Each structure stands twice: as structure tokens, then as C-alpha cells.
Amino acid sequence: MNSTRQMIRRVELPKFIGRASSVIVKYPTPIVAFILLLALIYTMYFIIIVKNFITMPLDTTQAYQNVIYATAALSSFFVIFSRNKFKDHSYMFFFLNSRVKPFELVLSGYAFIYISYVLIITLMFTPFLIIFWYQGEFHSTLDVIVLFLALTFVFCYSCTVWILTNLIVKQIFSKSEDQFYLTSFLYFAILAATLYILTYLIEKYVIYSVSSFLIILVLLFLALRWVLIRSSTIYLNNIFIQLNSEGSRNKKQSLHFQHKNSYYLNMKLEWLHLYRNNVLKEQSLVFFILVLISFTLYFTLTDYDFVIFNSYLINFGLKEIFILFSLTIGISYRKYRNASYLLNHKESYYFIPRIFLVLLMNLFVHILYMGISYVFMKQSLANIITFSTLCSIFFITSFSMAIGFFIKINDSNKAVVIVLAIVFANIYDFVILNVLKAAVYIDLFNVLISIVFLLFIITNYIRKPFFK
């Protein structure tokens with residue numbers, strides 16, 4: 001474990017500090033303003049949650065189960081969207097030329113992802129911890145420690161299951177090919193089945209005995225450590241084989257862009273970036289999982305409970321798709337801005353087609369999900385296309401685009417950025433709904449804030465010459 005700490009201190013921490021300091025040095029005032037805005041919004045969220053739920057009776061067992069499932073979904077999101085983190089030649093160097101053990105390399109690679117996971121979970125559920133403490137459900141600090149260990153176990157277990165499913169799929173198929181869909185479906189099947197069995201056994205036998213629960217967690221951690229030690233070497237070896245084989249594959253078919261219309265040319269370029277960087281593949285998987293969860297909940301819950309859970313799916317699942325499509329514009333800008341500069345186009349040629357494409361895709365995803373809910377789950381079409389819905393999608397799109405331009409996003413921090421954006425967007429919606437209340441004021445405020453985000457992008461990034 002000493003090598004793990006050394007890797008975190010000498011490799012991962014300098015990377016994080018370097019990226020953070022570069023952003024702070026370039027934009028000190030916007031960063032300070034954004035942090036103050038986040039603090040204000042979170043404070044209002046905290047007060048509203050405590051005020052509304054402080055007197056409501058809550059079921060501790062059901063709350064534990066819901067938290068476990070929510071954190072499993074969050075950890076799965078982190079693991080899948082950070083799956084390419086180790087496709088980096090720096091990790092290959094340490095794997096081949098140092099005494100760092102493979103499982104220590106994996107642990108150090110996931111260290112800051114785990115810290116982000118804990119930070120987000122803490123911010124989201126601290127108001128509910130206060131409520132449980134006020135109602136006398138938490139009797140000692142040991143209860144909080146055990147809960148923290150349980151959430152840590154869920155994250156470690158998610159990472160381990162992803163490694164094992166990768167090994168299983170690559171053992172059956174090619175080691176140099178990325179079987180994304182098959183690996184993801186097998187991962188979700190194993191994770192859901194085992195977590196359901198564990199929560200059932202814990203609820204049935206040891207939920208009321210903190211000491212027994214703690215002993216079981218310690219044993220499970222030891223088992224995970226043994227599995228990780230045994231599997232990390234093969235896992236990293238397969239990743240590096242795939243990394244090396246990607247350079248020797250056949251070249252993709254070249255496309256000829258002989259278009260007089262510059263708007264259409266730029267839209268086609270952005271679509272090509274979405275396709276070749278597997279953004280469409282990832283989001284189609286997310287959409288399929290959302291629909292699958294909706295079907296499962298529809299046939300297992302009452303109508304009232306299904307409506308509540310379906311609204312959560314819309315607020316978190318669909319917003320994730322909206323946000324990632326929008327972030328991709330900023331990612332492609334940073335990646336190909338020199339090539340775009342050579343085209344010598346006006347700002348409008350670059351910006352308008354891309355924002356139109358992303359807005360169109362986000363609206364299509366929303367309409368498709370609502371249409372499936374109406375046809376197969378008998379949900380209302382009242383909110384399929386309303387002015388409030390359009391304003392909300394416009395806000396999420398412009399907000400995410402601003403983040404994509406503002407922050408350099410890669411495989412190491414993409415999952416963290418997306419989750420933070422989702423959390424911020426939902427807390428923002430919750431606070432604005434409780435403060436402004438009237439729909440017309442909410443829509444107007446969303447439009448104004450969206451215009452500010454777009455002006456920020458145009459002023460600081462989309463200008464001629466093309467880069468600052």
C-alpha cells in the first residue's frame with residue numbers, strides 16, 4: 001500500500017493540481033463567483049430538504065436500501081465512464097518499468113474518482129443524515145461509520161465487478177477488441193443480482209446488529225482485495241494490448257467534405273466526432289438502461305410510486321444524456337480547434353450548427369423517451385413538448401456547453417464532471433422551483449441564464465482568430 005500512496009502523491013495529485021491551478025490562474029474571478037454560487041445553491045438545498053422532511057417519519061431499513069441502490073448507480077456511472085482511464089502510456093510505463101504492483105496501480109488510478117464519489121454522496125445525503133439524527137434513528141457515531149464503509153464497499157465492489165466482466169468477455173472474445181455493450185450488460189447483471197442478494201441477507205439477518213454488519217463488511221473487503229490482487233495484472237495487460245493494437249488497426253474510411261454550405265459542413269463534422277468517439281454508443285446504452293428500468297418499475301410498483309421514480313429517471317438519466325451531448329462540443333473544440341482554425345470560418349459557422357445539432361438531439365431523446373412511456377407504460381403526454389420543457393433543455397444544453405469549453409475534459413475526469421453537472425442541475429432546478437414557484441418566472445430565468453452561458457462561450461472562445 002506504500003506504493004499506492006506514492007503513486008497518488010507523486011503522479012495523481014500533481015496531475016490534479018496542475019489541471020486545477022491552470023484553470024484557476026486563467027479564470028480566477030469566474031471560479032470564485034462559481035464557487036460562491038454553488039455554496040449559495042447548496043445552502044438553500046440543505047435548508048429546503050431539512051425544512052420539508054424534518055417532521056416526516058422515515059423508514060431506516062428502506063432508506064438504507066435506497067441509498068445502497070443510488071450509490072451503486074453512481075459508482076457504476078463512474079466506473080463505466082472512466083473505463084478508458086488506464087489507456088494511458090504513463091500507466092503502461094509504471095506497469096512495465098517500476099515496482100508498483102498492478103493492483104496498487106489500479107487503486108491509485110481510482111483514488112480521485114473515489115474521493116469525488118464520496119464528496120458527492122456526502123453533499124447529497126448530509127441533510128437526510130441530520131434528519132435521521134434529529135429523529136433518533138442514529139444512536140452513535142458507529143452507525144455513520146458503518147454506513148460510510150457500506151458505501152465504500154459498493155464503490156470497490158463496482159470496480160471489481162467491472163474488472164471481472166472485462167476479463168470474462170476478453171477471455172471469450174478478442175483481447176484487442178472493445179466489447180462495450182456485452183461487457184456493460186454482463187456487468188449490470190452481476191452487480192444488480194449480487195447487490196440484491198446482499199441487501200436481502202443483510203435486511204433479513206444482520207440489519208439490527210451493527211457489530212455483525214461491521215464484521216461482514218470487513219470480510220467482504222478482504223475478499224475484494226484478494227480478487228483485485230489476482231485480477232489486476234491480467235486486466236491491465238489486456239488494456240495495454242488493446243492500446244497498442246489500436247494504432248495498427250485498419251484506418252477508418254475517409255469521408256470527403258465537399259460542401260458549399262459551411263453550416264452543413266460544421267454540423268457533419270460534429271456528428272462525425274460524436275460517432276467516432278463512441279458518444280452515441282455510450283448514450284444509446286444509457287437510454288436503453290433507462291427504458292429497461294422504467295419497464296421493471298412499471299410492472300413492480302404501484303402507479304403512484306412509479307410516477308415518482310419515473311420522474312427521478314427523467315431528472316437524472318435523461319439529463320445525463322443531455323449533458324454529455326452538450327459537453328462533447330467543448331471537448332471537440334479543444335481537440336480540433338487548430339484544424340477548425342484552418343477552415344477560416346466565421347464564428348456563426350462554427351457555433352450555430354453545433355448548438356442546433358445538440359439541441360435537436362436532446363429534444364429527440366426527450367420526445368423518444370416520453371413516447372415510449374406513453375405507448376408502453378400509459379404515461380401522459382402533457383409534458384412532451386411544452387415551453388417549460390424547451391427552456392429547461394435549453395438551460396441544460398447551454399450550461400453543459402459552457403462547462404465543456406471552460407474545463408479540459410478527458411477520460412480521467414469526464415465521469416466526475418458529468419456527475420457534478422447532473423447534481424448541480426438538479427439542485428438548481430429544486431431551488432429555483434421552491435424560490436420562484438411561478439412557471440413563467442422559472443422559464444424566463446432559465447432563458448436569461450442560458451443566454452449568459454452562450455455569450456460567455458462566444459466571447460471567450462468562439463472568436464476570430466479562432467483560439468485565444
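The structure this text deals with has already been given above.
Conventions we followed
- Residues numbered from 1 in each chain as written.
- Predicted model: local features only at pLDDT ≥ 70, side-chain atom pairs only at ≥ 80, totals over all residues.
- Heavy atoms only, no water.
- Helix = DSSP H or I, 4+ residues; strand = E, 2+ residues; numbered from the N terminus.
- Rg over C-alpha atoms; globule rule 2.2 N^0.38 Å.
- Buried < 20%, exposed > 50% of the residue type's maximum accessible area, 1.4 Å probe, protein only.
- Contact = heavy atoms within 4.5 Å.
- Lys, Arg positive; Asp, Glu negative; His and termini not counted.
- Charge placed at Lys NZ, Arg CZ, Asp CG, Glu CD.
- Axes fitted to C-alpha atoms, helices over the stretch in contact; angles between N-to-C directions.
- Parallel < 35°, antiparallel > 145°, perpendicular 65-115°, else oblique.
- Expected span 1.5 Å × (residues − 1).
- Phe/Tyr/Trp six-rings, centres within 6.5 Å; stacked < 30°, edge-to-face > 60°.
- Lys NZ or Arg CZ within 6 Å of the ring centre and 35° of its normal.
- Patch = residues over 30% accessible without salt bridge, like charges linked within 9 Å, V, L, I, M, F, W, Y side chains within 5 Å.
- Areas by Shrake-Rupley, 256 points an atom, 1.4 Å probe, with all protein chains shown as cover.
- Salt bridge = Lys/Arg side-chain N within 4 Å of Asp/Glu carboxyl O.
- Core = buried A, V, L, I, M, F, W, Y, C linked by side-chain atoms within 4.5 Å.

S.K.: Is there a simple way to think about the overall build of the protein chain in this case?
M.R.: A count of helical and extended segments in the protein chain gives 16 helices and zero strands. Its C-alpha radius of gyration of 23 Å places the protein chain within 12% of the 23 Å reference for a compact globule of 468 residues. Seen through its principal axes, the protein chain has C-alpha atoms that stretch 70 × 60 × 45 Å. Per-residue burial for the protein chain yields a buried fraction of 43% across its 468 residues. In the protein chain, 84% of the contacts between residues at least 6 apart in sequence involve partners at least 24 apart. A gap of 13 Å separates the mean positions of the 37 positive and 19 negative side-chain charges of the protein chain.

S.K.: What am I meant to see in the packing of helix α6 (residues 111-134) against helix α15 (residues 414-435) here?
M.R.: For any two helices packed against each other, one specifies the inter-axial angle together with the distance between the axes. At their nearest, the axes of α6 and α15 sit 11 Å apart, and the two run at 10° to each other. The pairing of α6 with α15 is recorded here as roughly parallel in orientation. Here S116, I120 and M124 of α6 lie close against α15, whose contacting residues are V416, V419, L420 and V423.

S.K.: Before we go on, may I ask you to explain helix α2 (residues 28-53) in this structure?
M.R.: Turn by turn, an α-helix covers 3.6 residues, leaving residues three or four places apart pointing in a common direction. Its 26 residues place the ends of α2 38 Å apart at the C-alpha level, agreeing with the 38 Å of an ideal helix rising 1.5 Å per residue. Along α2, the residues classified as buried are I31, I41, Y45, I48, I49 and V50. Close packing links the buried residues of α2 with α1 (2-26), α6, α14 (387-406) and α15.

S.K.: Can you walk me through the packing of aromatic side chains in this structure?
M.R.: Working definition: an aromatic ring pair is given by the centre-to-centre distance plus the angle between the planes. Under the criterion given, the structure shown has 35 aromatic pairs. Both rings, one in F86 and one in Y91, keep their centres 5.1 Å apart while their planes meet at 65°; by these two values the pair is edge-to-face. Neither residue differs from the other here; F86 and Y91 are each classed as buried. With 5.6 Å between their ring centres and 75° between their planes, F93 and F94 make a pair best called edge-to-face. The structure contains a cluster of three or more aromatic residues connected by ring pairs, namely F86, Y91, Y110, Y114, Y117, F155 and Y235. The cationic tip of R354 hangs over the ring face of Y350; the distance from NZ or CZ to the ring centre is 3.9 Å.

S.K.: Quick question: what am I supposed to make of the environment of I130 here?
M.R.: The topology assignment puts I130 in helix α6. Among the residues examined, I130 registers a relative accessible area of 35% and is labelled partly exposed. As a C-alpha pair, I130 and I54 span 76 residues in sequence and 8.6 Å in three-dimensional space.

S.K.: I keep staring at helix α5 (residues 102-109) and nothing clicks. Help me out?
M.R.: Within α5, seven of the eight residues are buried, leaving the element largely enclosed by the surrounding structure. Buried residues of α5: P102, F103, E104, L105, V106, S108 and G109, and no others.

S.K.: Teacher, can you tell me more about the environment of I24 here?
M.R.: Within the element layout of this structure, I24 appears in helix α1. On the basis of relative accessible area, I24 is assigned to the partly exposed category, the value being 45%. Between the alpha carbons of I24 and I234 there is a distance of 39 Å; along the sequence they are 210 residues apart.

S.K.: Whenever I open this one, a nonpolar patch on the surface confuses me. Can you help?
M.R.: The grouping of Y69, Y196, I197, Y200 and L201 at the surface amounts to a nonpolar patch, some 520 Å² of accessible area in total. In terms of residues, the nonpolar patch owes the most to one element, helix α8 (residues 180-206), which gives four residues. One can find L201 in helix α8.

S.K.: Even after reading the chapter, I still don't get the nonpolar core, so can you show me in this structure?
M.R.: What tends to happen in soluble globular proteins is that the nonpolar side chains get buried as a cluster. Membership of the largest hydrophobic core comes to 119 residues, with the highest contact counts inside it found for F78, Y117 and Y235. Of all the elements, α15 adds the most residues to this core, at 13 residues. Those residues in contact with F78, other than ones at most four positions away along the chain, are I113, S116, Y117, I120, F155, A415, V416 and V419.

Treat this as a map of the structure, not an account of what it does.
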